[in-house]
Amino acid sequence: MSEDHDSRISELYRQSSQETPPAQLDRAVMERARKSVRRRVYSPFGNNWLAGGAMVVVIMLSVLLLLDVPQQPDFHAPAQDAVAPPSEALSETRREAARSRALPSALPAAAEKKRAAPAAPKARFDFYKLLPEMEMVVPEGEPRAVMKQAPVAETPAGLAATVPSVTLYLQAGVFRDKARADALQMELTGLGFKCKIREVSSDDTDVVYHVRVGPFADLETLDQSRQKLDESGVETQTVKERK
Amino acid sequence: MVDKVIKPGSDEDLMLRYAGGDLKAFQRLYEHHRGGLYRYFLRQSNRSVAEELFQDVWARVIQSRKRYRPKAAFKTWLYTLAHNRLVDHWRREGARPVEQSAADGDCSETVIPDTNPGPQRLVDLRDCLEQLLQLVSGLPDVQRQTFLLRHEAGMSLAEIAEAMSTRAETAKSRLRYAMQRLRAAIAKECLEG
């Protein structure tokens, strides 16, 4: 009997519930959808900006590797060019700064040799003058940093061991209601983000649920995700978790 | 979680096509859900709030188009956004939806009595329909949402449970309680059809 009544109620509800959005609302939504599609920016890599970015990085690395050949002309030799470009003085300042950052005892023999060697044949290409700005002297055994002037030699070897390693996340929300945390997790998962809920309790009665996207291996990927979440209307903040 | 197999012409397929720039796919998708989503909000708020929330949810869908992954049914995702947006709205307003509706000119008399009000003379179908809409608006939050997800979105209990982040058994109980309340409160003549 109650099932019949339920069916009747469902039928009545279907008959009664007939409202539709007003025309201006339809237009507003469709206009927004249209604008979003039009807003696409032309790129030779199409929509795959990641591939485009990777290609640029590969090209930059290739150029730098080509420049870093072992038997290159000695760009550390005193400049014999009659007309040194104005940037030369600045280059020298940077070179000095790099030298002072490096520990003298750890200077690679090859680098010392380079500096002490008599003037090699004059550089034929202008871009060799730029090379010292890009090069950084690092102690032997350390990886060479060619992309940026990360002061590898500056960081004491023991420091890394004393700093606790952390994992980076983006926190999208904190809730007392587990269901709401679950709902946000579901929403973010639907958007393609990997996320988790962390239960945090100060005591037995006070439990909150942190919804976090991640973990991220580095700040670059974290920033990319933050931007995407922001575009989706999800505000986040960066948090670190100890491993 | 493994991505679902996408059937051509399904909501998930349409959303992915829209992500690729196909505006007509969005138009079809919108057509599928515009009525249900609009009424989902309309039963739980006044008209201007319903319009605002409706627009917000579609804006979220549009913004997220390139990152959409069909890990769940599109409908489930859409109504999860809607549910979250609605709960967020209530939280910001600090108002209970029933109180809000009762205070609102568009939906007066939405609070239903706990017990059957007794026989009423309802002369025609229109009275039954009007009464039912008021009764639905007056259901407790979770029961009303469950009822609407079932009747406006046509969702299964499992899908309702997913959208409301609860268990299927809980969704089933809520729907049962909602139907019980409606049965008890609506005029007997309406049930006789």
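Residues numbered from 1 in each chain as written. Chains lettered and ligands numbered in written order. Predicted model: local features only at pLDDT ≥ 70, side-chain atom pairs only at ≥ 80, totals over all residues.

Now for the overall build of chain B. Along its length, chain B carries 10 helices and 0 strands. Taken from the N to the C terminus, the helices and strands of chain B come in the order α-α-α-α-α-α-α-α-α-α. Counting over 193 residues, chain B shows a buried share of 43%. (Helix = DSSP H or I, 4+ residues; strand = E, 2+ residues; numbered from the N terminus. Buried ≥ 20, exposed ≤ 12 C-beta atoms within 10 Å, placed from the backbone.)

With that out of the way, let us pick up the overall build of chain A. Broken down by element type, chain A carries 9 helices and 4 strands. The linear arrangement of helices and strands in chain A, starting from the amino end, is α-α-α-α-α-α-α-β-α-β-β-α-β. Split into buried and exposed, the 243 residues of chain A put 15% on the buried side. At a minimum sequence separation of 6, the contacts of chain A that also span at least 24 residues come to 68%. (Contact = placed C-beta atoms within 7 Å.)

All names here are of chain A. Here 4 strands make up an open sheet; going across it, the order is β2-β3-β1-β4 and the pairing antiparallel. If you trace the sheet from one side to the other, it starts and ends with β2 (195–201) and β4 (237–242), each paired once. Going from strand to strand, the sheet's axes swing by 45 degrees on average, the running direction of each strand aside. Contacting β1 (166–175), β3 (207–216) and β4, helix α9 (residues 219–231) runs over the sheet at an angle of about 20 degrees to β1. (Pairing = 2+ DSSP bridges. Axes fitted to C-alpha atoms, helices over the stretch in contact; angles between N-to-C directions.)

A separate point is the pairing of β2(A). Here is the key point about a regular strand: its side chains alternate between the two faces of the sheet. Residue and element names in this part refer to chain A. Counted residue by residue, β2 has 0 buried out of 7 residues, so it is predominantly exposed. Where β2 meets β3, 7 bridges bridge the pair, whose relative direction is antiparallel. Pairing of S201 across the sheet is with V207, part of β3.

What follows covers helix α8 (residues 178–190) of chain A. For α8(A), spanning 13 residues, the distance from its first C-alpha to its last is 18 Å, which sits close to the expected 18 Å at 1.5 Å a residue. The complete set of buried residues in α8(A) reads A:R180, A:A181, A:A183, A:L184, A:Q185, A:M186, A:E187, A:L188 and A:G190. Its buried side turned inward, α8(A) meets β1, β2 and β3 of chain A together with α4 (74–93) and α8 (157–163) of chain B. Within two residues after α8(A), A:G192 carries a phi angle of roughly 95 degrees, on the positive side. (Expected span 1.5 Å × (residues − 1).)

What follows is about the packing of helix α1 (residues 2–16) of chain A against helix α6 (residues 125–137) of chain B. Following both chains from N to C, one finds α1(A) and α6(B) inclined at 100 degrees, their axes separated by 9 Å at the closest point. Judged on the interaxial angle alone, α6(B) and α1(A) are roughly perpendicular. Contacts between α1(A) and α6(B) pair A:I9, A:L12, A:Y13, A:Q15 and A:S16 from the former with B:C128, B:L129, B:L132, B:L133 and B:V136 from the latter. Grouping the amino acids of the contact of α1(A) with α6(B) by side-chain chemistry returns 8 nonpolar, 2 polar and no charged. (Parallel < 35°, antiparallel > 145°, perpendicular 65-115°, else oblique. Nonpolar A, V, L, I, M, F, W, Y, C, P; charged D, E, K, R; others polar.)

Here chain A averages 64 in pLDDT, and 49% of its residues register 70 or above. Scored below 50 in pLDDT, residues 71–162 of chain A shows 65 contacts in the model against residues more than four places distant or in partner chains. (pLDDT = per-residue confidence, 0-100.)

It is worth spelling out unusual backbone geometry at this point. Here A:G214 and A:P215 are connected by a cis peptide whose omega angle stands at 5 degrees. Positionally, A:P215 belongs in strand β3. Positive phi values are uncommon outside glycine, yet B:S165 reaches one of about 55 degrees. With respect to the helices, strands and loops of the structure, B:S165 is situated in the loop between α8 and α9 (168–185). Note on B:S165: 21 C-beta atoms within 10 Å, which makes it buried.

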